[in-house]
Amino acid sequence: MKPIVIFLGIIACVLTGCKTTQDPAKIAEKEAQEAQDKIWYDAAVKSLNDREFVLEADRVNFRGGRFIYVTSNTNFVSMHGDKATIQMAFNSPYAGPNGIGGITVDGTASNIKMDTDSKGNVTFSMMVQGVAVSANVTLRMTNGSNKCTATVSPNFSGNRIDFTGSLYHESESNVFKGRSL
C-alpha cells in the first residue's frame with residue numbers, strides 16, 4: 001500500500017509541476033516585496049488614523065458591474081481632518097463641472113469609524129455631507145498592502161460607485177484637484 005501512495009504522490013507532483021527546491025533569488029525577491037508591502041500597509045493605517053489620506057483610484061466601478069480604468073491623479077477620495085473630497089474625472093473632450101472632465105465634491109466628514117478585524121483587514125467609514133454631496137463612504141483595505149477600495153453610496157440615489165486603488169498619506173500623494181461644486 002505504501003509504494004502505491006508514494007507513486008501517486010510522485011505522479012501528482014509531476015502533473016502539477018511542483019518543485020522540490022525553489023530559486024533562492026525568487027524567495028528573496030518575494031520576501032523583499034512582502035516587507036515593502038507591509039511598510040506601505042503600516043503607513044496607510046497611520047494615515048487613516050491621522051485622517052490625512054488619499055485613495056488614488058486607478059479603476060472606478062459603477063452600478064451593474066460596469067467599470068473603467070482611470071488616471072489615479074485625477075480620481076480619488078481624500079480626507080484632511082474632518083474635510084473630505086470625492087473626485088471623478090474621465091479623459092473626454094467635455095470639461096465637466098470641475099474643469100478636468102468630471103465632478104469634484106467637498107464635504108464635512110462625520111460618524112467616522114475605523115475597525116480592524118482579526119486578520120488585520122481595515123474598514124474605515126464616514127458620512128460626507130456638503131453642498132453637492134450626501135453620501136456614506138466606506139474604505140476597505142486588506143492586511144499587508146495599501147490596496148484599497150472606497151464605496152461611495154449616495155443617500156438620495158442608488159448610484160453606488162467604487163474607487164479601487166492605493167491609499168497614501170496626503171503628503172505622499174500626487175493628485176490634481178479640480179474645481180469643486
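Notes on the structure in this doc start here. (Residues numbered from 1 in each chain as written. Predicted model: local features only at pLDDT ≥ 70, side-chain atom pairs only at ≥ 80, totals over all residues. Heavy atoms only, no water.)

Here we take up the overall build of the chain. Looking only at helices and strands, one finds two helices and nine strands in the chain. Seen in sequence order, the chain has helices and strands lined up from the N terminus as α-α-β-β-β-β-β-β-β-β-β. Expressed as a percentage of its 181 residues, the buried residues of the chain come to 34%. Considering only intrachain contacts with a sequence separation of at least 6, the fraction spanning at least 24 residues in the chain is 48%. (Helix = DSSP H or I, 4+ residues; strand = E, 2+ residues; numbered from the N terminus. Buried < 20%, exposed > 50% of the residue type's maximum accessible area, 1.4 Å probe, protein only. Contact = heavy atoms within 4.5 Å.)

Let's shift gears to unusual backbone geometry. Phi at Arg-51 is positive, roughly 60°, even though this residue is not glycine. Tracing the sequence through the fold places Arg-51 in the loop between helix H2 (24-50) and strand E1 (52-61). A positive phi is found at Asn-111, a non-glycine position, where the angle reads about 50°. Within the secondary structure layout, Asn-111 lies in strand E5 (residues 102-116). On the basis of relative accessible area, Asn-111 is assigned to the exposed category, the value being 58%.

Of all seven residues in strand E4 (residues 83-89), six are buried, a share of seventy percent or more. Relative to E4, strand E3 (residues 76-80) runs antiparallel, the two sharing five bridges. Its bridge partner lying in E4, Ser-78 is registered against Thr-85. Hairpin remark: E3 followed by E4, antiparallel, with two residues in the connecting loop; positive phi at Gly-81, about 65°. (Pairing = 2+ DSSP bridges.)

This paragraph deals with the packing of aromatic side chains. Here a ring pair, both rings aromatic, is described through the centre-centre distance and the interplanar angle of the planes. Taken as a whole and assessed by the stated rule, the structure comprises four aromatic pairs. Aromatic pair Phe-62 and Phe-90: ring centres 6.2 Å apart, planes at 50°, arrangement tilted. A residue pair is termed long-range when its members are at least 10 positions apart, and Phe-62 in the loop between E1 and strand E2 (67-69) and Phe-90 in the loop between E4 and E5 qualify at 28 residues. Since its relative accessible area comes to 23%, Phe-62 is described here as partly exposed. Judged by centre distance (5.5 Å) and plane angle (80°), the rings of Phe-67 and Tyr-69 are edge-to-face. A relative accessible area of 41% places Phe-67 in the partly exposed class. (Phe/Tyr/Trp six-rings, centres within 6.5 Å; stacked < 30°, edge-to-face > 60°.)

Within the fold, Val-122 resides in strand E6 (residues 122-129). Looking at Val-122, the relative accessible area reads 2%, which means it is buried. Considered as a pair, Val-122 and Cys-148 are 26 residues apart in the sequence and their alpha carbons are 9.3 Å apart. Excluding anything up to four places from it in sequence, Val-122 contacts Tyr-41, Val-45, Leu-48, Met-114, Asp-115, Thr-116, Leu-139, Arg-140 and Met-141.

Below, the discussion takes up H2. With 27 residues, H2 extends 39 Å between its outermost C-alpha atoms, agreeing within 8% with the 39 Å of an ideal straight helix rising 1.5 Å per residue. Here H2 has its buried residues at Tyr-41, Ala-44, Val-45, Ser-47 and Leu-48. Residues of H2 that are buried sit in contact with E1, E5, E6, strand E7 (134-141) and strand E9 (161-169). (Expected span 1.5 Å × (residues − 1).)

Moving on: the pairing of E1. Among the ten residues that make up E1, seven are buried, leaving the element largely enclosed by the rest of the structure. Direction of pairing for E1 relative to E9: antiparallel, over a ladder of eight bridges. By the bridge assignment, Asn-61 is partnered in E9 with Asp-162. Bridging between E1 and E2 involves three bridges; their strand directions are antiparallel. For Arg-59, the partnering residue across the bridge sits in E2 and is Tyr-69. The antiparallel pairing of E1 with E2 creates a hairpin that spans five residues between the two strands, and Gly-64 there sits at a positive phi of about 90°.

The subject of this paragraph is the pattern of salt bridges. Going through the model one piece at a time under the given rule, you end up with four salt bridges. Ionic pairing is found between Lys-177 and Asp-106, a salt bridge with its closest N-O pair at 3.0 Å. Here Lys-177, found in the segment after E9, pairs with Asp-106, found in strand E5; they are 71 residues apart in sequence, far enough to count as distant. (Salt bridge = Lys/Arg side-chain N within 4 Å of Asp/Glu carboxyl O.)

Scope: geometric values only; no functional claims are made or implied.
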